[in-house]
Structure formats: C-alpha cells, structure tokens
Amino acid sequence: MDEPIDLSTLASHFTCKLCKGYLIEATTIIECLHSFCKSCIVRYLDDDNRCPTCQMLIHQSHPLSYIMLDRKMQDIVYKAVPRLQAREEERIKKFYLQRNIPVPQQESKLFKSSSGPMSNEGDTVNGTLEDLADKGSNCNYHRNDQQVSVVMSEGDSLPALRKKYIHCSIYTTIMSLKRYVSHHIYGNMEEHNSLDIFCQKELMGKDHSLEFVLKTRWRSKEPPLQLEYRERVDVI
Ligand SMILES: [Zn+2]
Ligand SMILES: [Zn+2]
C-alpha cells in the first residue's frame with residue numbers, strides 16, 4: 001500500500017534554502033544535487049564555492065560551471081504550488097515594464113512549463129533578472145558560461161537515466177558527469193570510478209571538459225552532444 005505523502009516534508013524540497021521562498025528557475029549543483037533558485041545560487045557563489053546545504057566544495061575557482069538549470073524540478077514545484085508560476089510571470093512582466101524594457105521573447109519562454117523528453121532543449125538562459133538590470137536594456141547578455149545540451153545514453157546492461165537530457169556549462173568535466181550518472185544509477189557518487197564515458201565510441205578522459213570534447217570529437221555535429229556511459233572494464 002502507498003504511504004500517504006506528508007506535504008510538509010515535501011515542501012522542504014520545493015524551497016530555496018537561501019531565500020526561504022519556493023524555488024524559481026530551480027538550479028541544481030551537479031555534484032551534490034541540492035537545488036536553489038538560480039538568482040540566489042548565482043549570487044551566493046560570487047563569494048563562496050561551497051554548497052549552502054551540504055558545504056561540499058563545488059569547485060575551487062569555477063563553481064558556476066558546476067550548476068545547471070533543473071527544468072524537471074521547476075515543473076514539479078509549479079505543479080505543486082498553485083499560482084506560483086502565474087505570480088512569477090506577473091513579477092517578470094512588471095520588472096520590465098517598470099524599466100521600460102520590452103519583455104524579451106526568451107525570458108518569457110523560460111517560465112513556460114515543459115513537456116516531453118526533449119523539453120530541456122533550449123533551456124539555456126540569458127542571465128538572471130538582476131544581470132539584465134545591470135546591463136540596462138542589453139537583452140543579449142548571456143550567463144557567464146556557454147552552455148551545452150548533452151544526452152546521456154546507457155551502454156551494456158546499465159540502467160537508463162531518468163533525466164538523460166541535461167544542460168550544463170561547457171567547462172563541466174567528464175568526471176562531474178560520471179558523478180552525476182553514478183548518483184542517479186547507484187544512489188551515490190562514490191561509484192563514479194566504476195564508470196567510463198564514451199563519445200563516438202571513444203573513451204573520454206576524466207579531466208576533459210565538454211568544451212574540449214565538443215571541439216575535438218563532436219566538431220561539425222549538431223547538439224545535443226551524445227555521450228554514452230558504460231561499466232568500466234579493467235584491462236588485465
Ligand atoms: Zn532562492
Ligand atoms: Zn549540496
């Protein structure tokens with residue numbers, strides 16, 4: 001029999017620890033999978049490089065490269081909290097109107113709910129509202145790092161990821177992706193050592209960044225970058 005869901009414990013997953021409000025543009029730290037509002041975590045990482053929840057070191061110098069928009073999480077929050085999405089869209093409209101800036105198409109599209117497995121396509125965002133305010137009416141401002149769409153497929157007899165389309169910084173390393181996969185298929189990040197990641201059937205080194213992989217292995221191909229994870233086979 002299914003246990004009844006305790007809504008109060010569920011609410012803690014929908015709340016940003018930094019602003020104590022419901023998650024807006026839910027953004028997840030790749031290494032530990034804790035989520036925050038995008039604007040909250042981006043601002044926080046200006047001065048700190050550890051996860052506000054578990055204190056894990058995200059990255060010594062480029063913590064922003066190890067967070068990603070979590071569209072699925074945002075969808076769940078919007079579905080669970082009635083009117084939150086409408087309120088947020090209203091707030092954004094007001095933000096632009098007050099500053100006499102036309103509401104950019106991409107910004108308004110951002111807050112629409114997604115559906116279907118390809119819905120993470122086009123998730124890359126142009127900065128936070130605060131970034132836009134700083135840049136005045138320059139709506140072409142892009143967030144600090146270039147983003148890349150990646151689709152992760154399973155090799156051998158490994159289980160498939162529930163979320164195989166991901167969006168992350170081009171500076172994300174193969175190592176981080178291994179941790180991500182390990183967390184999702186084994187329930188912990190420690191078993192990343194038992195995984196290998198391949199692009200075009202070629203083994204990728206753990207320190208390769210996605211930028212490197214794109215430039216050297218994916219050259220003229222269209223996104224998303226296709227990677228495959230397999231169980232490591234040790235050569236004796
Ligand atoms: Zn927040
Ligand atoms: Zn954390």
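Remember, predicted model here, so these are calculated numbers, not experimental data. (Residues numbered from 1 in each chain as written. Chains lettered and ligands numbered in written order. Predicted model: local features only at pLDDT ≥ 70, side-chain atom pairs only at ≥ 80, totals over all residues. Heavy atoms only, no water.)

(A) Spatial organisation of the coordination of the zinc ion (ligand 2). The zinc ion (ligand 2) binds to the protein through Cys32 (SG), His34 (ND1), Cys51 (SG) and Cys54 (SG); the donor distances cover 2.0 to 2.4 Å. Classification of Cys32 by relative accessible area gives buried; the value is 11%. For Cys51, a relative accessible area of 0% puts it in the buried group. (Donors = N, O, S within 2.8 Å, 3.2 Å for Na, K, Ca; no water. Buried < 20%, exposed > 50% of the residue type's maximum accessible area, 1.4 Å probe, protein only.)

(B) Local environment of the sheet that holds strand 2 (residues 35-37). Strand order across the open sheet formed by 3 strands is 2-1-3, with antiparallel pairing between neighbours. Edge strands, defined here as strands with exactly one partner in the open sheet, are strand 2 and strand 3 (67-69). The sheet shows a mean angle of 35° between the axes of neighbouring strands, direction not considered. Bridge analysis of strand 1 (residues 26-29) against strand 3 gives 3 bridges, and the strand direction is antiparallel. Directly across from Thr27, in strand 3, lies its bridge partner Leu69. (Pairing = 2+ DSSP bridges. Helix = DSSP H or I, 4+ residues; strand = E, 2+ residues; numbered from the N terminus. Axes fitted to C-alpha atoms, helices over the stretch in contact; angles between N-to-C directions.)

(C) Helix 4 (residues 84-98), seen in detail. The terminal C-alpha atoms of helix 4 lie 21 Å apart, and with 15 residues this matches the ideal 21 Å at 1.5 Å per residue to within 8%. Along helix 4, the residues that are buried comprise Leu84, Gln85, Glu88, Ile92, Phe95 and Tyr96. Taken around the axis of helix 4, the buried residues stretch over an arc of 105°, which confines them to a single face. Among the exposed residues of helix 4, those pointing more than 90 degrees away from its buried face are Lys94, Leu97 and Gln98. Following helix 4 by one or two positions, Asn100 has its phi on the positive side, about 55°. (Expected span 1.5 Å × (residues − 1). Arc of directions from axis to C-beta.)

(D) Local environment of the coordination of the zinc ion (ligand 1). Protein-derived coordination of the zinc ion (ligand 1) comes from Cys16 (SG), Cys19 (SG), Cys37 (SG) and Cys40 (SG), at a distance range of 2.3 to 2.4 Å. In this structure, the zinc ion (ligand 1) is coordinated by 4 donor atoms arranged in tetrahedral fashion, with angles at the metal of 103 to 114°. On the primary sequence, the residues serving as donors to the zinc ion (ligand 1) are separated as C-x2-C-x17-C-x2-C. With Cys16 in the loop between helix 1 (7-14) and strand 1 and Cys37 in strand 2, the pair connects residues that are 21 residues apart, well separated along the chain. When sorted by exposure, Cys16 lands in the same class as Cys37, which is buried. (Tetrahedral: all angles 85-135°; square planar, octahedral: opposite > 155°, others 65-115°.)

(E) Fine view of the pattern of salt bridges. With the rule as written, the count across this model stands at 9 salt bridges. Across the salt bridge formed by Arg179 and Glu31, the nearest N and O atoms sit 3.1 Å from each other. Taken as a pair, Arg179 in helix 7 (residues 174-186) and Glu31 in the loop between strand 1 and strand 2 lie far apart in primary sequence, 148 residues in all. Given the relative accessible area of 25%, Arg179 is considered partly exposed. Residue classification places Glu31 among the buried residues on the basis of a relative accessible area of 7%. The closest approach of N and O atoms between Lys215 and Glu211, which form a salt bridge, is 3.4 Å. You can see Lys215 and its partner Glu211 sitting in helix 8 (residues 210-217), 4 residues apart, about one turn around the helix. When salt bridges with common partners are traced through the structure, they connect Lys178, Asp196 and Arg232 into a single cluster. (Salt bridge = Lys/Arg side-chain N within 4 Å of Asp/Glu carboxyl O.)

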